[in-house]
Structures are given as structure tokens and as C-alpha cells.
Amino acid sequence: MGEWLDPCHLSDAAAHVLLPTWREIKFSLASATLVVALYCLLTKAWEGTAMAFGDRRGRRGVGVDKSGLLVGGDGAKRGSIRAERRGSSVDLDEMGCQYSICLDLLAARNLVGANLNGTSDPYAVLTCGSQKRFSSVAPGTRNPLWGEQFHFVADELPVNVEIAIYDWDIIWKSTSLGRVVLSISSTGSEEPHWRSLDRASGQVYVQIATKAIAPDSSEGALIAADNARASRRRSGGLGGGDGGGGGGGGFGERGATEVRQKPGPLQTIFNLPPDEIVLHSFSCALERSFLYHGRMYVSTHSICFHSNVFAKHLKIVLPYEDVHEVRRSQHALINPAITIVLKAGCGGHGVPPLGYKDGKVMYKFASFWNRNHTYRVLTRSHKNFLAAEEAHALDERQQSILREAAHGFPLLSSRHLAGGSYLSAEAVIEAAKTPPRPRAPAPVATRPFLNESVLIDLFERSMTCTAQTFFTVLLSNDSDFTGRYRATRKDTELKMEPWHTTEEYGGLLRRTTFRTICTSPMCPPDSAITDWQHVTLSTDEKTLTLESIQQAHDVPFGSYFEVQGRWVVQTVGEAECKVFVKTGVNFKKWCVMQSKIKASAIAEFKADAQTWINLATEEIQAAARRGETGTGGGRSIGAGSSSSSTVTSSASFSFSSGYASSAPTASVGA
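Bear in mind that the values here come from a model prediction, so they are computed numbers and not experimental data.

What holds strands together in a sheet is hydrogen bonding between their backbones, with the strands either parallel or antiparallel. Taking strand neighbours across the sheet as the criterion, the four strands line up as 3-2-5-6 in an open arrangement whose pairing is antiparallel. A single partner strand is all that each edge strand has here, and the edge strands are strand 3 (131-134) and strand 6 (175-184). Recorded for the sheet is a direction-independent mean angle of 15° between the axes of neighbouring strands. Pairing analysis gives nine bridges linking strand 5 (residues 159-167) to strand 6, with the strands arranged antiparallel.

Dropping the structure here:
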């Protein structure tokens, strides 16, 4: 018994039990080496297979993932509206015109429940040719409300637009909830319609507007410049910026010299052109209900992100030309983040984005080692890209002027000298540094300022004045009526711009901004209002039409609707007129509270209009007693026409160059 209690014997026994034998060590090392070798072989084999498969699918212009999460193909290399417009190098003058397609994805209903609780997390993937857009994710619902707009460009009609609905899953691949193909064969605007999906249940609510883009229009010129830039990018003419580039390239008779180099992550992961190189890369995470950790790559033309968490591949390519703003933000209040806001109509690229205000979408990235450094890099790269685009546009203008002068064509517009002479080469270059003056448009009929279909009659009232006196006393710059009216409404921060002529609508136009009190419990105490006002005078100078469009900024669904009003003042006697008041709510997007917003806005507009008429009647009577009802000198309403009256430039109706806006304004709370 004492032998077992000996300390030496106990230590030997413990060592024999706890320490592995030499045989066990050799076996463990051999096993580990075999596992590492097998892992390396399988990884290389998988990467080679994925690249080859991606190249084959990329040449066909589609992605790898059926749900659209993996972007591929020539049209998706940039993942942006303009980049996809640049997919064809056909000149606009040869093809005649292109077509702009504006699709409003408003809502969906009765979708298939893909989650265990019977709901879904739906998002939409919209495809038009090689152009692909992603909507935001509506969590936990079978009846999502999107209200998002997407822009496409087609070379010819008819064209098909596919809308595929998927259920977003944190780990697994997205589940298809159905799809529908829309055929667009003509230009024009359609009313919103419910479209049935190819499943047992499910419909989407969409509205489509299509218009032709002429080559000589501003939009056609923009697309032509984009096509030319894309052709230069494919040939390596637009270099890689700070990091060099893949090809030398040029516009001479000799072909561009191709420099072969090892593909980088932008080529192997995102299938971007060879001249796209990584300038900076950062470790970060894409914000969703779950943080998808990955890596952000910054190049001269785009911001890319790749994540592979739980075998869920996420690839995002954000071209700088689609980026509206780069902002600092926070994730979960304590984690510094960066938010990249895209322009309205661009949609998401590669992964469903997050919703943002005014029809924009955004991506939020967090978990940076140094958020502020990354923010400075992104903002600097974005500014450099915009500066390079502006310099390239200037170079294009110079080249165009030189080609025009070399072929003996007279330099027209602001570059044409009297007597048919020509500018020198130095003068041509100097003239190109300033943008050309816009050509005077051909006389065309002006379009209506308001949407006639939404206006309803409120009331009519008689007043003891003419239409000219009505404007002079109540709306001119010399009148103090506006101050009293605003004081009655308790509006603040009133800012008014002077009148200016408008060829688009005829007559005069101006903008007014102020803050007004909101009475709805869903609104803040006060809201900022922008009021566009348009005034015309008939040819017989007896009918004055004042139209207004009011946009609320701080109320729920404020960007979805606008309150429109029309005041028609008709002179019926030497000192008598009738005032007809109409109003309506024009919805730019569908929303769930549409009927509530319409009823509330019309009721408040009517109450304010009656207050305005009562104060205006007292002001007219006081002005008549003071003898101040004559017309004031100044600027006359320009020639043109509107939906209700034709304007003349007769000098008999004139007013001061600015005026204080005094049209009634509703507290447009939701």
C-alpha cells in the first residue's frame, strides 16, 4: 500500500495517463496533414469549377444564383442603370431612338407563406434584358407595400420585364414565391394593375410608363455619351486611375495594346473588366437582421462587397454614378457604420437593399476597424470619379468642336461668328470650356400645371373687384395682406422667390417655402411645406388663374402625395368678379392611408380657403376706400397657355417683379 502512495510512483502514473504516447502523436500529425491536404485540393477544385461555370453563365448574361443574388454577365458588370445602358455600342443616330421604361412596384398580396409562422420576407428582382434591379425586403408579411420605382432602357419594343418574388432567408438560398412577365409593346402610361404570379396565389401591383428618347434630346445625349464611355472602357481607353489599368488603349489607327495580368478579386469574384483594380479594401459587415461579415473593395469606378457566411454568397457592385450620398451612421447605437444611399430609380444591385426616403434605397455597412478612415476613402473616391466624368465631358465637347471645324462646318450657336466666319483652334478650345448655350426650343403647346382628374369643386364666391385688382391688392409684392394671412395661420419661416417666366407651363412661376402647424396626431408639431405657384391671364384680361402645388416634407407618406389647388377669378362687371375654388390630392405613389390623407387634406384646404376669402374681402374693401385698386407697374405675365386660360403679354396687366405668396395652404397631415 505504501508503494502506491509514493509520490514518484504517483507522478509516473499521472504522466502515463495524461500525456499521449509517441504512437498517438504520429497518428494525430498524419491525420491532420491529410485533412489539410484534402481541404486545399477541394478548395482549389471548387474555385476552378465556380469560375468556369460563372464565365459560361456570364457570357449568357445571367447570374449564377437563381434568386439573383450572384451577379454575372456583360450587362451586370456594373450593376447600374447607366452601365446597363452601355451594354450596346450601337450609335443612337443609327438606331433612331431608345425607350425609357419607368416601372413602379407598389405592392403585392396573398403571397405564399415560406416561413414556419406562415409569413414571408419578400423582395422582388426585376429583369429587363441584361438589366437587373432589386427591391427592398418587406419582413414578416404576405402583403408587402414597396412603393419603389425602377428605371430601364430598351433599344426596341416590344420588350419583356420579368418580376420575380423571393423570400429572404438569413442562411439558406432565397425561396421563389412566383414570377410574372410583363410585355411592353408601345409607349404611354398605364394605370396600376394587379398582375397574377405563376403560383397558386400571389399578385403584384405595378404601374408602367414608357416613352421614346430622341437622339437629339438631353436624355439621348446622355445615353450616347454613356455608350461612348463604355466603348472606351472596354478598349482600355479610360484608364484605371490611381492604380494604372489593364490596357493602354487609344483612339489612333493602331489598335490598343493589351496588357495581360493576373486577375484580381474584382475579376474572379465580381466578373468585372480587367482594368478594374482594387485601390483599397476593408473588412466590414453588411447590415441585415444578421450581420454578414465580408470584405469591401474600392476601385476607381465602383464599391464592391463580398460575403460568404453559412455558404450564402452575397455580392454587391455599387457604381459611383448610381451613388447619391455616402453618410456616417450607427448600427445598434454603439457600432459605427457607413450608409451608401443610391439615387432614386436605381434599385438594389446584387442584394436586396434597405428602404430610404424619397424613393431612394441604401446599403449599410458596419464593423469597420476604422470607420472614419473608410468614410474618407469612399467620399474621396466618389468625388474623384465625378471630377473625372466632368473632365471627360469637357474633352468630348472639345473633340466635337475640333471635328466640326476640321470638316469645314460653321460653328453654330454661341460659337458662330457674324458673317459666317470660323473660330481659330485656340478660340475653339476656349469656347469648349464653357457649356454650350441651349438652343431655343421650337414653339410647342404648354402642358398643364395641375392634374385635372383629381380636382373637385369646393365653392364659389363673389367679390367687389376685377381680376387685375384681385392680383394687385392680394398677391403683389407691395401688398401686406400676406403677412396678416400668415399671422392668422401661425405659419413661420416664410421664404419667397421672385416671379420668373416659364415656357413649360406658360405665364409665371415661383416657389414659396414655410413651416405650418400640423393637427394630425401622426404628424410632428409643424411641417415644412414647399408651395409652387403658377399664374396666368386670359387674352381678354378678364380671367386670372392661380394654381398651386403644395408638397409636405415632415409628415408620414409626405413624398407620396401633393395637394393641388386652383383659384379662377373671372371679371363679370366693372367692379365685380367671381372666384371659383378647386382642390385635389395627387398621389405620386400608392399608400395604405390614401383615403385618409385625401379626406383630411381636402377638409383642411377648404377651411383655410374660406378663411382666406374672408380676409381677402376685407382687404379689397379697405383698398377701395384708400383708392389703391389700380394696377401697379412692373413686369407683365408672359405669353403662353395653360389648361384653363391663355396668357397674353399685354402691358395692361403688370405687377412688381416679386410678390408675397398668400394662397391658402392646408396643413397636409397624414
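That shown, we press on.
With that settled, the discussion passes to the nonpolar core. Core analysis: the biggest nonpolar cluster contains 46 residues, and Met463, Phe470, Leu474, Trp567, Val579 and Trp612 have the highest contact counts within it. Per-element accounting of this core gives the leading share, ten residues, to helix 11 (residues 594-626). Among all residues touching Val579, those that are not within four sequence positions of it are Phe459, Glu460, Arg461, Met463, Phe470, Trp567, Val568, Val569 and Ile613.

Contact geometry for helix 9 (residues 467-474) and helix 11: axes closest at 10 Å, N-to-C directions at 95°. With respect to helix 11, the element helix 9 is oriented roughly perpendicular. Facing Thr469, Phe470, Val473 and Leu474 of helix 9, the residues of helix 11 in contact are Trp612, Ala616, Glu619, Ile620 and Ala623. Looking at the contact of helix 9 with helix 11, its residues break down into seven nonpolar, one polar and one charged.

Moving on to a nonpolar patch on the surface. Together, Ile170, Ile171, Trp172 and Phe310 make up an exposed nonpolar region whose accessible area comes to about 430 Å². Tracing the backbone shows Ile171 in the loop between strand 5 and strand 6.

Here helix 11 is 33 residues long and its end C-alpha atoms lie 47 Å apart, about the 48 Å a rise of 1.5 Å per residue gives. The first or second residue beyond helix 11 is Gly627, which carries a positive phi of 75°.

With that out of the way, let us pick up the confidence of the model for the protein chain. Detailed conclusions should not be drawn from predicted coordinates in areas where pLDDT is low. Of the residues in the protein chain, 69% reach a pLDDT of 70 or more, and the chain-wide mean stands at 74. Here residues 50-95 scores under 50 on pLDDT; set against residues more than four positions off or in separate chains, the count is 110 contacts. Note on residues 229-259: pLDDT is under 50 here. Beyond four places in sequence and across chains, it has 46 contacts.

What follows covers the packing of aromatic side chains. A full pass over the atoms with the stated rule returns eleven aromatic pairs. For the pair Trp168 and Tyr292, a centre-to-centre distance of 6.2 Å together with 80° between the ring planes defines the contact as edge-to-face. Of this pair, Trp168 sits in the loop between strand 5 and strand 6 while Tyr292 is found in strand 11 (residues 292-298), placing the two residues 124 residues apart along the sequence. Across the pair, Tyr292 and Trp168 agree in class, each one buried. Note on Phe449 and Tyr505: the rings are 5.0 Å apart at their centroids and 90° apart in plane angle, and the pair reads as edge-to-face. One end of the pair, Phe449, is in the loop between helix 8 (425-432) and strand 18 (456-463); the other, Tyr505, is in the loop between strand 20 (500-501) and strand 21 (508-517), and 56 residues separate them in sequence. Grouping aromatic residues by their ring pairs yields a cluster made of Tyr123, Tyr166, Trp168 and Tyr292. The ring of Trp194 carries the charged tip of Arg109 above its face, separated from the ring centre by 3.9 Å.

Reading the values: rules and limits
Residues numbered from 1 in each chain as written. Predicted model: local features only at pLDDT ≥ 70, side-chain atom pairs only at ≥ 80, totals over all residues. Heavy atoms only, no water. Pairing = 2+ DSSP bridges. Helix = DSSP H or I, 4+ residues; strand = E, 2+ residues; numbered from the N terminus. Axes fitted to C-alpha atoms, helices over the stretch in contact; angles between N-to-C directions. Core = buried A, V, L, I, M, F, W, Y, C linked by side-chain atoms within 4.5 Å. Buried < 20%, exposed > 50% of the residue type's maximum accessible area, 1.4 Å probe, protein only. Contact = heavy atoms within 4.5 Å. Parallel < 35°, antiparallel > 145°, perpendicular 65-115°, else oblique. Nonpolar A, V, L, I, M, F, W, Y, C, P; charged D, E, K, R; others polar. Patch = residues over 30% accessible without salt bridge, like charges linked within 9 Å, V, L, I, M, F, W, Y side chains within 5 Å. Areas by Shrake-Rupley, 256 points an atom, 1.4 Å probe, with all protein chains shown as cover. Salt bridge = Lys/Arg side-chain N within 4 Å of Asp/Glu carboxyl O. Expected span 1.5 Å × (residues − 1). pLDDT = per-residue confidence, 0-100. Phe/Tyr/Trp six-rings, centres within 6.5 Å; stacked < 30°, edge-to-face > 60°. Lys NZ or Arg CZ within 6 Å of the ring centre and 35° of its normal.

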